[in-house]
Amino acid sequence: MGDEVVARTFRALVESADQKFARVRDVPAYGRGPNHYFQKVFKAYTRLWQYQQENRSKLVEAGLQRWEIGEIASRIGQLYFGQYMRTSEARFLLESYIFYEAILNRGYFQGSKGSVKDLVLRFKELRFYARFLLVSLLLNRLEMVRVLVERFRALVDDCKVTFRQSIPIHWFALEEMSDVKELLNRPSVKESGRKMLLNELVSRSLLHSTVHLNRQTETKNNFREWTLVVQEIVRFMKVETAFMNVRPLRYCNLFDSYPSSLPYVARFHAKKMLKFRDALLASYHRNEVKFAELTLDTYRMLQCLEWEPSGSFYQKRTVELNEKLNENGALNDHSGTSGLIDINLVVDMTDPTLPPNPRKAILYRPSVTQLIAVIATICEELPPDSVMLIYLSASGKSGHGNISQMENSGGTRKSSKVKFVSDLSHEFDGSMPEASVNNKGHSSDCHEPFLWFGPKGNGGSSNNLYPGDIIPFTRRPLFLIIDSDNSHAFKAGSELHGAERGEISALLLSPLKPAFKGPFGFDTTQNGSQFTFFLTAPLQAFYELVGLSFSDTDLDAYNDADKILSTAFSEWEVILCTSTSLDLVWAQVLSDPFLRRLILRFIFCRCVLSLFCPPEDSEQYLPLCLPQLPSSVSPSSDAVQSAVLQLANHLGVAECFSFNDL
């Protein structure tokens, strides 16, 4: 096959694959619709990738650039990531990581930096880093994230310096006005025609000057936006990396399955057993910690509802990842290798015995109508005998974030007076009066029963999500987690609870205010939700509550604390599985490992906060569950309170709590 034929075939394959990619990119990332078109796109890019591998030398001779190979690999990585977001199958996320890692190691987007024509290539490289960072975050590849952040920051800084100067106008003239100049130099052109051509040249020069200025302004704004992206990931990592390498947020049998209670869970049976198949995670707060369109709270909850893909060999995979780094902490160089990427590596990185993950729809700052539409779509397609989890994190105040706080001015509960304050040091708009509590347990400025899904200053009920808006979907079983400073709008007596149309919903409602120890305030927009933290990483949330950091205790002390908590969870599992007063709403989901783990962590969170907060203010600082869980796992029960006491004594923070005489 001749070189020209190979080049034409390659370009045709690229064009065909890109057209299919453009169509599939805009398909909504939720629902259980037909998946046949995605298979066509994957097939097109698989064929393209194999073709460039088989004909690499001929394509290089024909002018194929390394960045073009990187662009193909990046598209494949995007396709895999898109499939992960639609299906929650971890193998797609791992495949995406493999392609992105190959692009990085082989430097496909690294070119002749500094030239004018290199600007487009630099934007491709910036987008690649942002996408790879998101994939690495979701896989908890902390070492890779650190490498990417440093390279990403350096690239943005280099681009701001390199492309700061104006592009000379003669560059546009040489590149885009050569046709007019050629005519002007012809002797046969008459004087009248020459004047017309000169006028054309002047008008084009003015046009290109304007276009260039617009391009320069656009470039400046783009680099400002990339600087904000760098700031986002740095802020995200500052909050999240303290405990990231201790244990996975995902469900891992090594940590989350308890042999002593496993027989009770296996034998447990209720009149109706539901399977957890779908989840919707939505967040809307001002200035919250996020990267791209993934907020810190949804990031934590998303992982909490998935299996750790490495399963039984979790620790082994972590060691192997560390071995990929050289002595200086940088990635080993593979820039000289070929375009071969082992797409079968994912088989060696996943545990084939794991069940499928529940599907998840992630909504970042949705409108109320969009949120309701997505809930309706998922409910319509929900398989029989299945339950849908809905996680909503939003404020109950129009145009404000969730920033109410509790401050312990002394440092110990027994020796000092507790104060309640509202600290808006991280907000841009003045101050907000402290909320007073009415006889219904709602703050005076939170009495309206809704969650706010709208930007600041954009008033109107169209941004309000009322409990009654959920009622039409209660024809299917729902597991609701409401994380808000107005979450109690969903409690007993509201429009929702007791008004379900077919199935009684399970509700976990956050406290109205977060609690903490120490002289510094806790800002949800800066640290993420405390309630969500307890549900996704309970021991880390306990550390944060009492003012401990991971550096304050050694790894052995932390592991011992984790064992105390695991023993407690195992005991509580037995209590729930053998209880005769467990409501059917909880019983029908107890066999699901994800939902059971959320229930156990809620029990822990409720007890810890009830012992930490003063009784007179407990209502606004305690989470609620509806229907009620058995009294045998209440905050005052010996089985629950003794575990918290043991944990507090182990970490030396018992003085922060008020325990009953056990």
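Provided above is the structure to which this section pertains.
Let us look at the structure shown here.

Within the chain, the secondary structure is distributed over 24 helices and twelve strands. In the chain, buried positions account for 55% of the 662 residues. The contacts of the chain with a sequence gap of at least 6 include a subset with a gap of at least 24, amounting to 79%. With an accessible surface of roughly 29,300 Å², the chain has 53% of that area assigned to carbon and sulfur atoms.

Ordered by their spatial adjacency, six strands build an open sheet running S4-S1-S5-S10-S11-S12, and the pairing between neighbours is mixed. Each edge of the open sheet carries a strand with a single partner, namely strand S4 (359-364) and strand S12 (624-626). Strand-to-strand, the axes of this sheet are offset by a mean angle of 10 degrees, without reference to chain direction. Contacting strand S1 (275-284), S4, strand S5 (386-394) and strand S10 (478-483), helix H16 (residues 368-381) crosses the sheet at an angle of about 175 degrees to S1.

Membership of the largest hydrophobic core comes to 156 residues, with the highest contact counts inside it found for Leu-389, Phe-479, Ile-481, Phe-542, Trp-572, Phe-604 and Phe-657. Looking at this core, the element that brings in the most residues is helix H22 (residues 593-612), giving 14 residues. In this structure, Phe-542 is in contact with Phe-534, Phe-604, Val-608, Leu-647, Ala-648, Leu-651, Val-653 and Phe-657, ignoring residues within four places of it in sequence. Judged by nonpolar contacts, the second largest core, of 31 residues, contains Tyr-284, Ile-375, Leu-451 and Phe-453.

Most of S1 is tucked away, with eight of its ten residues classed as buried. Two elements, S1 and S5, share nine bridges in a ladder whose sense is parallel. What sits directly across from Ala-279, in S5, is Leu-389. By the bridge criterion, six bridges tie S1 to S4 in an arrangement that is parallel. Note that in S4 the partner of Asp-278 across the bridge is Arg-359.

Cut-offs applied
Sequence order sets the numbering: in each chain, residues are counted from 1 along the sequence as written. With the structure being a predicted model, the display of local features is reserved for residues of pLDDT at least 70 and the display and counting of side-chain atom pairs for 80 or more, all residues being used for whole-chain, interface and lining totals. Note: side-chain values were computed over all heavy atoms of the structure, leaving out hydrogens and water. Numbering of helices and strands starts at the N terminus; helices are DSSP runs of H or I of at least 4 residues and strands are runs of E of at least 2. Type-normalised accessible area, obtained with a 1.4 Å probe on protein chains alone, sets the label of each residue: buried when under 20%, exposed when over 50%, and partly exposed for intermediate values. Throughout, a residue-residue contact means that at least one pair of heavy atoms, one from each residue, lies within 4.5 Å. Note that accessible areas follow from Shrake-Rupley with a 1.4 Å probe, and for residues the cover is restricted to the protein chains shown. For two strands to be treated as a pair, DSSP must find no fewer than two bridges joining them. Lines fitted to the C-alpha atoms define the axes, with helices restricted to the stretch that makes contact. Angles between their N-to-C directions range from 0 to 180 degrees. The set of buried Ala, Val, Leu, Ile, Met, Phe, Trp, Tyr and Cys residues whose side-chain atoms join them within 4.5 Å is what this entry labels a nonpolar core.

Interpretation note: all reported values are geometric properties and have no functional meaning in isolation.
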